[in-house]
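If you want the building blocks of each chain, they are given just below.
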Amino acid sequence: MIAKGFPMQPIIYDVAVSIDGFISGPQGDISGFSHKGEVVDDYMARLATYGTALMGRATYEFGYQYGLLPGANPYPNMRSYVVSSGIDLPKESVVSLLRNPTPQNFESIRNKGNAPIYLCGGGDFAGWMLRHGLISRLRLKRAPILLGSGVPLFSGDLPKISARLLSEKSYGDGTLYQEFDLA
């Protein structure tokens, strides 16, 4: 059932990816991805449009090396969920924890929101979401790098999906933004 007054919100996987399909290299290395410039400005503008953030444990804990404290919200303008059966967060945590997710959990989140939902990673969680048909759109910032290994865009056995390209933008340095409809 759709929440009164709000349409069901899309879940959008918005992520940087190497041309060989990794969202980070070994040991979480993201140094090859753009950290400034127009591609980052565009990403920051998109972040402002999301109302909810979804992430797996490894993605959430990745923020610890940048000063994020356990239980803190890495996206203060959004309601944030960490999906993990293996993380312990403080009682006073401001992020919500989903320990045993079901597709129905995410349908409920989609029905309650009033803005699109940002799936920020990682590969295992995104693969689970894709297998359950929960990702509406895919927004890729395709970096002109080869990482060889690391965290893949999607992990696990994946369904065959025909995506429809909605838009693309070249940034002139080899970085290409592409948005795909997966619905």
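Residues numbered from 1 in each chain as written. Predicted model: local features only at pLDDT ≥ 70, side-chain atom pairs only at ≥ 80, totals over all residues. Heavy atoms only, no water.

Colleague: Explain the packing of aromatic side chains to me, please; I cannot follow it from the model alone.
Modeller: Geometry of an aromatic ring pair is reported as the spacing of the ring centres plus the angle between the planes. Tallied over the entire structure, the rule returns 8 aromatic pairs. One aromatic cluster is present, built from ring pairs that chain together Y43, Y50, Y75 and Y118. (Phe/Tyr/Trp six-rings, centres within 6.5 Å; stacked < 30°, edge-to-face > 60°.)

Colleague: Help me out: how do you make sense of the nonpolar core in this one?
Modeller: Within soluble globular proteins, side chains that are nonpolar tend to cluster in buried spots. Of all hydrophobic cores here, the largest spans 26 residues; its most connected members are Y13, L54, F106, L119 and M129. In terms of residue count, the dominant contributor to this core is helix α4 (residues 123-131) (5 residues). Not counting the four nearest positions on each side in its chain, F106 is found in contact with I11, L54, V83, L98, P101, F125, W128, M129 and L134. (Core = buried A, V, L, I, M, F, W, Y, C linked by side-chain atoms within 4.5 Å. Buried < 20%, exposed > 50% of the residue type's maximum accessible area, 1.4 Å probe, protein only. Helix = DSSP H or I, 4+ residues; strand = E, 2+ residues; numbered from the N terminus. Contact = heavy atoms within 4.5 Å.)

Colleague: Which parts of the structure should I look at to understand the environment of S149?
Modeller: Relative to the helices and strands, S149 is located in the loop between β7 (137-143) and β8 (151-152). In this structure S149 comes out as partly exposed when scored by relative accessible area, which is 33%. Note: C-alpha distance between S149 and F22 (127 residues apart in sequence) is 6.9 Å. Among residues more than four places away in sequence, those in contact with S149 are F22, S24, G25 and P26.

Colleague: Would you explain the pattern of salt bridges in this entry?
Modeller: As a working rule, side chains carrying opposite charge can pair if their charged atoms are close by. Scanning all chains against the criterion turns up 10 salt bridges. With a shortest N-O distance of 3.4 Å, R99 and D88 are connected by a salt bridge. Residue R99 is located in the loop between β5 (96-98) and α3 (103-112), and its partner D88 is located in the loop between β4 (79-83) and β5; the two are separated by 11 residues in the primary sequence. For D88, a relative accessible area of 67% translates into the label exposed. Residue R110 is joined to E107 by a salt bridge in which the shortest nitrogen-to-oxygen separation is 3.3 Å. Of this pair, R110 and E107 both sit in helix α3, 3 residues apart, which is roughly one turn of that helix. The class of E107 is partly exposed, set by a relative accessible area of 26%. A single network of salt bridges, built from pairs that share partners, joins D14, R46 and K141. (Salt bridge = Lys/Arg side-chain N within 4 Å of Asp/Glu carboxyl O.)

Colleague: Explain the sheet that holds strand β6 (residues 117-121) here, please?
Modeller: Hydrogen bonds between backbone groups are what pair the strands of a sheet, and the pairing can be parallel or antiparallel. With mixed pairing, the 8 strands of this open sheet are ordered in space as β5-β4-β3-β6-β1-β7-β10-β9. With one partner strand each, in any of the chains shown, β5 and β9 (164-170) form the two edges of the open sheet. For this sheet the average axis-to-axis angle between neighbouring strands, irrespective of direction, equals 20°. The sheet contact formed by β7 and strand β10 (residues 176-181) spans 6 bridges and is antiparallel. (Pairing = 2+ DSSP bridges. Axes fitted to C-alpha atoms, helices over the stretch in contact; angles between N-to-C directions.)

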